[in-house]
Amino acid sequence: MEGAAKSLCQSPGCSMQVSRIMRPDDANIAGNVHGGTILKMIEEAGVIISTRHCNRQNEERCVAVLARVERTDFLSPMSIGEVAHVSAEITYTSKHSVEVQVNVMAENILTGVKRLTNRATLWYVALSMENVNKVVEVPHIQYGSPEDQEEGRKRYEAQKLDRIETKQRSEDIILPAINVDRQRKEPYTVGYSQSSLIHLVGPSDCALHNFVQGGVTMKLMDEVAGIVAARHCKTNIVTASVDAINFHQKIEKGSVITVSGRMTFTSNRSMEIEVFVDVDHVLGRPKEKASAVTAFFTYVSLDKEGKALPIPMLKTQTEDEKRRFEEGKTRYLNTKAKRMAGAQKDQ
Amino acid sequence: MEGAAKSLCQSPGCSMQVSRIMRPDDANIAGNVHGGTILKMIEEAGVIISTRHCNRQNEERCVAVLARVERTDFLSPMSIGEVAHVSAEITYTSKHSVEVQVNVMAENILTGVKRLTNRATLWYVALSMENVNKVVEVPHIQYGSPEDQEEGRKRYEAQKLDRIETKQRSEDIILPAINVDRQRKEPYTVGYSQSSLIHLVGPSDCALHNFVQGGVTMKLMDEVAGIVAARHCKTNIVTASVDAINFHQKIEKGSVITVSGRMTFTSNRSMEIEVFVDVDHVLGRPKEKASAVTAFFTYVSLDKEGKALPIPMLKTQTEDEKRRFEEGKTRYLNTKAKRMAGAQKDQ
Amino acid sequence: MEGAAKSLCQSPGCSMQVSRIMRPDDANIAGNVHGGTILKMIEEAGVIISTRHCNRQNEERCVAVLARVERTDFLSPMSIGEVAHVSAEITYTSKHSVEVQVNVMAENILTGVKRLTNRATLWYVALSMENVNKVVEVPHIQYGSPEDQEEGRKRYEAQKLDRIETKQRSEDIILPAINVDRQRKEPYTVGYSQSSLIHLVGPSDCALHNFVQGGVTMKLMDEVAGIVAARHCKTNIVTASVDAINFHQKIEKGSVITVSGRMTFTSNRSMEIEVFVDVDHVLGRPKEKASAVTAFFTYVSLDKEGKALPIPMLKTQTEDEKRRFEEGKTRYLNTKAKRMAGAQKDQ
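About the cut-offs
- Residues numbered from 1 in each chain as written.
- Chains lettered and ligands numbered in written order.
- Predicted model: local features only at pLDDT ≥ 70, side-chain atom pairs only at ≥ 80, totals over all residues.
- Helix = DSSP H or I, 4+ residues; strand = E, 2+ residues; numbered from the N terminus.
- Contact = placed C-beta atoms within 7 Å.
- Expected span 1.5 Å × (residues − 1).
- Buried ≥ 20, exposed ≤ 12 C-beta atoms within 10 Å, placed from the backbone.
- Core = buried A, V, L, I, M, F, W, Y, C linked by C-beta atoms within 7 Å.
- Least-squares fit on C-alpha atoms with pLDDT ≥ 70 in both.
- Nonpolar A, V, L, I, M, F, W, Y, C, P; charged D, E, K, R; others polar.
- Domains from an automatic or database assignment.
- Pairing = 2+ DSSP bridges.
- Axes fitted to C-alpha atoms, helices over the stretch in contact; angles between N-to-C directions.

1. Structural notes on the overall build of chain A
Okay, step 1: Looking only at helices and strands, one finds six helices and 13 strands in chain A.
Okay, step 2: Across chain A, the fraction of contacts at a sequence separation of at least 24, relative to all contacts at a separation of at least 6, is 75%.

What follows is the structure, given as C-alpha cells:
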C-alpha cells in the first residue's frame, strides 16, 4: 500500500489526490465533461488539503474556506468514462492564508493515455469551528528554497491587491435583472442568451461546515455560463477558461443562490460570459446588502472532431453593452498577448 | 412569459424561476425526462417562493410544507440536453395557506424552440421553525382585481373540501400487499406488473427542515408508477398526467417510505396506475396509524417518433380488480369529456 | 506532484487511490457512513485499476467487470466530514481474472487521526468492448517473490471453487416473495422486517460500459439490508461485515433491479440479513431465467458512544425460518472461531 503511505502529509510538500470516473451526468449531451465538474473536484482536493494543514498545529479546530481561485485554463475537454486525477499541493502560506496548486490529468484507462487538462491555484483562509467569524492563524510550510518562498510571497501580494480591489468594486455592482423573456429578442443579442438559475443550498453542498463549499458555487456558475454560450451559438460548447474569482461572503445552508449570466464579448472562436451570484436568506433575516460575486467564463464551440467552430458575433444594443464588449476585448487581447509571451519563453 | 418578467418578487405577484439542464439521470433510456423529475422541480420552486413569502412579515421563522397538488397534465415529454424553466407565482393566500401556480417550459437551446410542458397548482401551509406542529399565519398578497381574489377564494374552498374528504377516505384505506414474486404471474394481469420500492429518507430529501419535501415523495411515486407501466407494456413509457395528491402527514428524516403501485385501468392508448405511500418511523417510536397517500398516475407509451403506441389490455382477475377497472374507466371518461369541453370553449 | 507520478501503473504493484469527503447523503441519520457508500468506492477503485491493467498489453479494448468480492469486515464506522482514502493494488492475475486488494482509511482532517476501516479483495474479469460476451486474456503482473505468486494462486483456486458452487446453488434458488403488508405482522418476526426495493438502472450506474457497475449493486444490497436491520431493532445500525458475493450475470442499462432482504439470524449483538438480487429486463426481451445473486450482510447496533447494543432475538415461525436461523448460527460461530484463531496467530 505505497499509495496510502504517501498521502500522510509531510511539510513542505503536503500533497493529495482525488480520482474519479467521469459519468454521464458529469457531461453534456456531446459527452464533454462540464468545466464545473472539474472545478468542483479541484476545490474538493483544495479544501481537504488546506483544512488538514491548518489543523496540524492549531489547538483550535478550524475549517478552510475558499477565498479565491486564480484564472484557470481548460487545456482539453474530458470525456465520459475517462478517469480524472486531481492532485493538490500546498505551495505557500501567509499568516492567514494557504495557497494550493492543483493539476488535473485525464486518463483514458482503455488506451492508457494521460494528459494534463487543467492547472489551478486556490487560496483558502481558516475559520474557527467555534466561531465562524474568526480567522485562525495558519501553520507555516517549509520551502525547498528561499526563491520558492519569495515567489510565493509575490503571488500572495498580487492576489491580495486584486481581492481588495474587487471587493470594493463588488459593493457597487447592481445585480442585473435577467429577463428570460427571450422570445421577442433578436438572436445574437445580449438579451437573447442571458440566463439565470436558482439553487436551494442543501446539506450535501456543505459537508465540512454549515457553508456552501466554493466548488458548489463554481459548478453552478459554469452551468449558467454554459447555457448562455449554447443559446448564443447553438452548437456544442465547452469551458475554455475561468478568470479569477473572489469569494467575499459565506453562503449558509438553507439559502437560495441565484446565478445569472450574460454574454459580454465574442471573438472569432470564443465567447466571454459574465456570471453574477446573489444570495437570498430565504428563512428569516431581512435581506442584507447584496453580495455580488462576479466572474468571467470563456467558452469555445467544438465540432465532432474537437475542432473549434466559428462563433456568431454578439450584437450589442445599449451603450452599456458596447462598453462591456470593449472591456471584454481588452481582456481577450491581454490574455492572448500573455499566452504568446509565455509560449516564446518556453522555447 | 409574463411570469419571468416579474421575477423580482413584489407582492401582489411574487414570482420566481428555476432553470436547469436535463441530464441523463433525469431521463429514461429513451431520453425522455421522467415526470418525477419535473414534479420535483415544480415543488422546489413552490417551496422556495412560499417559504420566502411566509417569512416576509412574520416575526416567527417558518417553513412552507406542501399540502396538496392539483391534477396536472404533461403536455409533451422533455429530452436530455433541454433546459427546463419552472416559473412559480403566488396567486392566492388564505389565512393559513398559499396557492402557487407553476408553468414549465422546455427550451431546446440549440434550436431556440420553447414549448409549454406543464401547468401545476400547489398549496402550502407554513409551519413554525420552533414548533413544527404549529401552523403559522400567512401574510396576504395584493390582487390585481377583486375578481382575481374571488376566483382564488373559490379554488381555495374547492380544494379544502377535497382535502377533508380524502383525509377521511385515506383513514379507511388498507394498504395492499404488493407481492414481488412475479415469476409465476400471467402477463398483463395486475399481479404481474405491480411493484414496490422502499426509500430511506436522507438529508438531501429535507433541505429546508427535517421533513421530506413533497417533491421527493412525488418523484418516488412517479418512479414506481413508471416501473409498473413499463412492466405491463414493455415499451418506452412517459407520464401523461397525475391526479390531485393530498399530503396529510409530515415525513421525518430517517423514516422509511414504502411506495407501491398497481395498474387499475387501461384504455387503448393509456394506463392508469394507483400509487400508495406508507411511512415507517424506523427509529424509536412505535408505528402509528398508517398514513396512506394515494394518487393516480396516467402513462402513455411512445415510439421513437413520439407517437402513442397501443396498450395491451389489463387482465382483471378478482372482483376488486374488476371494480377498480370500472372506476378507472369512469375517471378516464370524465377527464376526456372535460378536455373536450375545454377544447370547445377555447374555440 | 509525487502523487501523480505514482499513479502511473507499473507492474508488479499497480496501485491507485480514490479519496473523497463523506457527505450527509453518504450517511444515516446518526452520521455513520453507510457500508454501501464504502463498497461503491472500493469497487470504483477496483474497476479503474483492473480496466487500466487489462488494456495494457491488449490489442483488443476491454473493460473489467466485477466477478466476486471476498468477505469484508467494517472495522469502525466512518463519519460525515471525514475523508475516505481508498487504495487499490493488483495482487494476482490468472489467465482471465485480476485480483485487486483494497484498503480503506478514514481521516479526520481536523484532528489528523487516520484509521483503517476496511480491507477488501475483489476479482474482475475482462470483457471485450466489441463483443461483451467474450472474455479477454489478462496480462500478467510481476510478483515480488515466488511465494507471493503461490499465495495468490491458492486464493485464486479457492474463490474459483466457491464461485462454481454458488453458481449451481443460485440456479436452484426460488426468489422469496417479500410481502410489504407488515402491519399485521408481529414484531421481531422475519415477516415484520423483510423489505424490498426496486431500482431502474440509469446511465450514471454504467459509466464505463452498458452494464451496471458492481459497486452500484452492492450499495443497493446494503441499503435493503440496513432497512431490514433498522426495522428489526429500531435503533441506530451500521454494517459490520459482508460475506463473499458472486456476480454471475451482467445487468444491462434500462433493467429494473429488485433487491430484497430478510433476517436470518440474530446473536446477542448482531443481525444477519440475507439479500437477493433479481433482474428484470423491462424493455423488450422476454424474461429469462431468474439470475439470483445472494449475500449475507451482518449489522450491529450502536449507541451514541459507539458501543454495541443488545439485539432483540429473531422470532422464527416456519420450518424454513428455523433452518435458516441454524445455518446463520453456524456461519456466526465459524467466523467467530476464525477471528479468535487469527487473533492468537497475531500475538
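Back to the text.
2. Some points on helix H5 (residues 214-233) of chain B
Okay, step 1: For H5 of chain B, which comprises 20 residues, the first-to-last C-alpha distance of 29 Å matches the rise-based estimate of 28 Å (1.5 Å per residue) to within 8%.
Okay, step 2: Burial of H5 of chain B is extensive: 20 of the 20 residues sit out of reach of the surface.

3. Focus on the nonpolar core
Okay, step 1: With 283 residues, the main nonpolar core has Tyr124 of chain A, Tyr124 of chain B together with Tyr124 of chain C as its most contacted residues.
Okay, step 2: For Tyr124 of chain A, the residues in contact, after removing those within four places along its chain, are Gly46, Ser50, Ala64, Val65, Leu66, Ala67, Ser97, Val98 and Val100 of chain A.

4. A look at the relation of the copies chain C and chain A
Okay, step 1: Taken as rigid bodies, chain C and chain A are interconverted by a rotation of 180° and an axial shift of 0.1 Å, the fit giving an RMSD of 0.1 Å. Expressed as a symmetry operation, the mapping of one chain copy onto the other fits a two-fold axis. Taking C-alpha positions as the reference, the residue of chain C nearest the rotation axis is Val18 of chain C, at 2.8 Å.
Okay, step 2: Of the interface residues in chain C, 100% have counterparts in chain A that sit at the interface too, so the contact is made through matching surfaces.

5. What to know about the interface of chain C and chain A
Okay, step 1: At the interface, 39 residues of chain C touch 40 residues of chain A.
Okay, step 2: Going through the elements one at a time, helix H1 (2-6), strand E1 (15-21), helix H2 (35-54), strand E4 (83-93) and strand E5 (97-107) of chain C are the ones with two or more residues in the side of chain C that touches chain A.
Okay, step 3: The class makeup of the residues in the side of chain C that touches chain A is 15 nonpolar, 14 polar and ten charged.

6. Quick look at the domain arrangement of chain A
Residue and element names in this part refer to chain A.
Okay, step 1: Entries for chain A in the domain assignment read domain 1 (2-165) and domain 2 (190-346).
Okay, step 2: Put simply, the middle of domain 1 and the middle of domain 2, counted by C-alpha atoms, are 21 Å apart.
Okay, step 3: Mapped onto the side of domain 1 that touches domain 2, the elements with two or more residues apiece are helix H2 (35-54), strand E2 (62-69), strand E3 (72-73) and helix H3 (146-172).
Okay, step 4: Top element by residues in the side of domain 1 that touches domain 2 is H2. It accounts for ten residues.
Okay, step 5: Here the residues of the side of domain 1 that touches domain 2 are counted per class, giving eleven nonpolar, seven polar and nine charged.

7. What about the sheet that holds strand E12 (residues 293-301) of chain B?
All names here are of chain B.
Okay, step 1: As summarised here, the arrangement of the six strands in space is E3-E8-E12-E11-E10-E7, forming an open sheet in which the pairing is antiparallel. Every interior strand has two partners, whereas the edge strands, strand E3 (72-73) and strand E7 (195-200), have only one.
Okay, step 2: Relative to E12, strand E8 (residues 237-242) is paired through five bridges, and the arrangement is antiparallel. Across the sheet, residue Ser241 finds its bridge partner in E12, namely Thr298.
Okay, step 3: Running over the sheet, H5 touches E7, E8, strand E10 (256-266), strand E11 (271-280) and E12 and is turned about 45° from E10.

8. Quick look at the sheet that holds strand E12 (residues 293-301) of chain C
Residue and element names in this part refer to chain C.
Okay, step 1: On the basis of which strands lie adjacent, the open sheet formed by six strands has the order E3-E8-E12-E11-E10-E7 and antiparallel pairing. The two strands at the open ends of the sheet, each matched to only one other strand, are strand E3 (72-73) and strand E7 (195-200).
Okay, step 2: Pairing analysis gives ten bridges linking strand E10 (residues 256-266) to strand E11 (residues 271-280), with the strands arranged antiparallel. Its bridge partner lying in E11, Val256 is registered against Asp280.

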